[in-house]
Amino acid sequence: MDALPPEASDVAREAARRRSFAIIAHPDAGKTTLTEKLLLRGGAIQLAGAVRAKGNARRTRSDWMKIEQDRGISVATSVMTFERDNVVFNLLDTPGHEDFSEDTYRTLTAVDAAVMVLDAAKGIESQTRKLFEVCRLRDIPIVTFINKMDREARDPFELMDEIEKTLALDVAPIAWPVGRASEFAGTYDLREKRFLPVDATDADAVPLDGPNDARLPALVGEARAAALAEEAELALAGFAEFDLAAFRQGTLTPVFFGSALRDFGVGHLLDGLARYAPPPRARPADARTVEPGEPALTGFVFKVQANMDPNHRDRVAFVRLCSGKLIKGMRLKQVRTGKQVPVNAPLFFFAKERQVAEEAWPGDVVGVANHGTLRIGDTLTEGEAINFRGVPSFAPEILRSVRLEDPMLAKKLKTALSQLAEEGVVQLFRPFDGSPPVVGVVGQLQLDVLQSRLKVEYGVPAGFDATQWQMMRWIAGEDRTAIERYLDANRRDTAEDHDGEVVALFGSDWRRKRAEEEWPMLQFHAVREQH
Ligand code: GDP
């Protein structure tokens, strides 16, 4: 862990022992299994199986999560906190479905590191790549876990090369597999010179003099020992040496091998996270950069969720703390509006069970119950007027008009859409020519969630129709009059989003390109950072 000066404040100390991370993986790579095993390591024994629980406990949760059960996927983002060897880990769960959702992107704005899980038989898959690109945009350091080593796997050298080439990332192997598939005996720790036997506890690591150690053949057999000696040498010579600065800048990934199912390599991975992953970093705001050790509290909302639990029919804003200490009962300033928000019962999310937090520190995520005041991207402070940057909105890839089954419900629909847009479930665009609003989502799954919530929560059954538009972009430019001229010239193909920002709607990519050519003084952005 990074050393602290003796005079460090409580806030700086608490911040320094926190690791807030997410797991990025293609579906089926083993994210859920790994999450379970990580929680077990963190002493949360009673949670075994809880992550995957599909029983009654889960069914009592809110109705709209029915989609989640029906499809066997996790729509909601949750936060799990566990502690090990004086390090507090906050694992922010991201939806593990092939379909992309904005929640996933936003969750990645609230972490300081990510674990990239690869299936050893498959390597980098489409979703791994997409999620990785989001991490790269934010220079989030990545720890790689090559999972399912107990099964038939691809050659480890080939996997390392693939990571290096397809992601343009230096790879530094930390562990190296000994034996393959059914012959898999464990891993050799290239840095600490230890053998970690499969089916043994972390404490059973065998210290060695190196991969040629004469004791190895007795441990793993002649053939596997000889193969390791040769491979370890090649791996050490052929790949980058682990470099903490390069890792933290996001240009190098340490690589671990293991099997989540057999609970192997998980402790090693967790040690790596504790040791290498950064504690909360300084975070840029509009007026200045905020250091995590500062005494005054700051944080930002990266997710809002309604009706998480039928017993709490309110909205919960997920706040990532960036500095200071949160105490129950505090009043915080919502910088966007200047309003005071009471934080009477901040919630910690512990494996999806709500627990009231007494205090929280930089790197932690707490839930703040409210009635719709808090929005995604909001900054909360003890009074200072600063805004954190970087909670993004993404140009939706699907634009739809809403078809009401009962036209009498038009007013109700309007309220519902407006609330759901505030929550970030959907984006809403109001065309300037007065035609009905258009909803935008990043993936089909988001539309299903919208449809289900409209019906279940608002009593508004609705369907969706294609529109004449294929895509949208936010319009920006120094020259306000140029923007006005663009809007005048394109009244039928422009709209405002839920925050009043102007957008251009396009029937095809060709039209978008033409607009860019014809309006060189304007920019058409696919990503907008809120506030
Ligand atoms: P997710 O979709 O990424 O959350 O993947 P899951 O954790 O649900 O795992 C997908 C499948 O792979 C399940 O059937 C797991 O039991 C299996 N699995 C996960 N980890 C391992 C592993 O280390 N070895 C083997 N053999 N199977 C695994």
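The protein chain has the name Peptide chain release factor 3 in an unreviewed UniProt entry, where Plastoroseomonas hellenica is given as its organism. Looking at the Function (unreviewed entry) heading of the UniProt record, one finds this comment for the protein chain: "Increases the formation of ribosomal termination complexes and stimulates activities of RF-1 and RF-2. It binds guanine nucleotides and has strong preference for UGA stop codons. It may interact directly with the ribosome. The stimulation of RF-1 and RF-2 is significantly reduced by GTP and GDP, but not by GMP." Of the protein chain, the UniProt comment under Subcellular location (unreviewed entry) reads exactly: "Cytoplasm".

S.K.: Looking at this structure, how should I read the overall build of the protein chain?
M.R.: Tallying secondary structure elements over the protein chain gives 15 helices and 33 strands in all. Looking at the 531 residues of the protein chain, the share that counts as buried comes to 44%. Of the contacts made within the protein chain by residues no fewer than 6 positions apart, 70% connect residues no fewer than 24 positions apart.

S.K.: Help me understand the sheet that holds strand β29 (residues 471–476) in this model?
M.R.: Backbone hydrogen bonds hold the strands of a sheet together, and the pairing may be parallel or antiparallel. What the eight strands build is an open sheet, ordered β28-β25-β27-β26-β30-β31-β29-β32; its pairing is antiparallel. The open sheet terminates on both sides in strands that have one partner only, identified here as β28 (462–466) and β32 (523–525). Strand-to-strand twist of the sheet, defined as the mean angle between neighbouring strand axes without regard to direction, takes the value 45°. The sheet contact formed by β29 and strand β31 (residues 502–506) spans four bridges and is antiparallel. Bridge pairing in β31 places Arg-473 opposite Ala-504.

S.K.: Please explain helix α9 (residues 222–238) as it appears in this structure.
M.R.: Structurally, the α-helix is built with 3.6 residues per turn, so residues lying three or four positions apart point the same way. In a regular helix each residue adds 1.5 Å, so 17 residues correspond to 24 Å; α9 covers 24 Å between its end C-alpha atoms and thus fits that length. For α9, the complete set of buried residues consists of Arg-224, Ala-225, Leu-228, Glu-231 and Ala-235. One face of α9 carries all of its buried residues, which in axial projection span an arc of 135°. Seen from the buried face of α9, the exposed residues on the opposite side, beyond 90 degrees, are Glu-222, Ala-223, Glu-230, Leu-234 and Ala-237.

S.K.: When you look at the site of the ligand in this model, what are you seeing that I'm missing?
M.R.: With respect to spatial proximity, 16 residues lie near the ligand, and among them Gly-30, Lys-31, Thr-32, Thr-33 and Leu-261 are the closest. In terms of residue count, the dominant contributor to the shell around the ligand is helix α2 (residues 31–41) (three residues). Tallied by class, residues from the shell around the ligand come to five nonpolar, six polar and five charged.

S.K.: Looking at this structure, I do not really get the nonpolar core. What am I missing?
M.R.: Inside soluble globular proteins, nonpolar side chains tend to come together where they are buried. In terms of nonpolar packing, the biggest core is built from 104 residues, with Ala-114 and Val-319 touching the most fellow members. Sequence-distant contacts of Val-319, defined by excluding residues within four places in its chain, comprise Gly-299, Phe-300, Val-301, Val-365, Val-366, Val-368 and Leu-380.

S.K.: Looking at this structure, how should I read the packing of helix α12 (residues 410–423) against helix α13 (residues 444–458)?
M.R.: For any two helices packed against each other, one specifies the inter-axial angle together with the distance between the axes. Here α12 crosses α13 at 120°, and the two axes come no closer than 11 Å. Relative to α13, the element α12 is oriented oblique. Both α12 and α13 take part in a crossing whose hand is right-handed. Here Lys-412, Ala-416 and Leu-420 of α12 lie close against α13, whose contacting residues are Leu-450, Arg-453, Leu-454 and Tyr-458. Looking at the contact of α12 with α13 residue by residue, the classes come out as five nonpolar, no polar and two charged.

S.K.: Sorry, what's going on with the pairing of strand β9 (residues 194–197) here?
M.R.: Where strand β8 (residues 186–189) and β9 come together, four bridges link them in antiparallel fashion. Paired with Tyr-188 across the strands is Phe-195, a residue of β9. Strand direction decides the pairing type here: β9 and strand β10 (residues 206–207), joined by two bridges, are antiparallel. For Phe-195, the partnering residue across the bridge sits in β10 and is Val-206.

S.K.: Help me understand the pairing of β8, please; the structure alone is not making it clear to me.
M.R.: For a regular strand, side chains alternate in direction, first toward one face of the sheet and then toward the other. Relative to β8, strand β7 (residues 175–178) runs antiparallel, the two sharing four bridges. For Pro-177, the partnering residue across the bridge sits in β8 and is Thr-187. Where β8 folds back on β9, the antiparallel hairpin that results is connected by four residues, among which Lys-193 adopts a positive phi of roughly 55°.

S.K.: What should I look at first to understand the confidence of the model for the protein chain in this one?
M.R.: Should pLDDT be low for a region, the predicted coordinates there are not to be read in detail. Put simply, the protein chain has an average pLDDT of 86, and 88% of its residues get 70 or more. Here residues 44–77 scores under 50 on pLDDT; set against residues more than four positions off or in separate chains, the count is 57 contacts. Here the predicted complex scores 0.82 on pTM and 0.99 on ipTM.

About the cut-offs
- Residues numbered from 1 in each chain as written.
- Predicted model: local features only at pLDDT ≥ 70, side-chain atom pairs only at ≥ 80, totals over all residues.
- UniProt positions renumbered as here; feature names shortened; annotations may be inferred.
- Helix = DSSP H or I, 4+ residues; strand = E, 2+ residues; numbered from the N terminus.
- Buried ≥ 20, exposed ≤ 12 C-beta atoms within 10 Å, placed from the backbone.
- Contact = placed C-beta atoms within 7 Å.
- Pairing = 2+ DSSP bridges.
- Axes fitted to C-alpha atoms, helices over the stretch in contact; angles between N-to-C directions.
- Expected span 1.5 Å × (residues − 1).
- Arc of directions from axis to C-beta.
- Near = placed C-beta within 6 Å.
- Nonpolar A, V, L, I, M, F, W, Y, C, P; charged D, E, K, R; others polar.
- Core = buried A, V, L, I, M, F, W, Y, C linked by C-beta atoms within 7 Å.
- Parallel < 35°, antiparallel > 145°, perpendicular 65-115°, else oblique.
- Left-handed = near helix turned anticlockwise from the far one by under 90°.
- pLDDT = per-residue confidence, 0-100.

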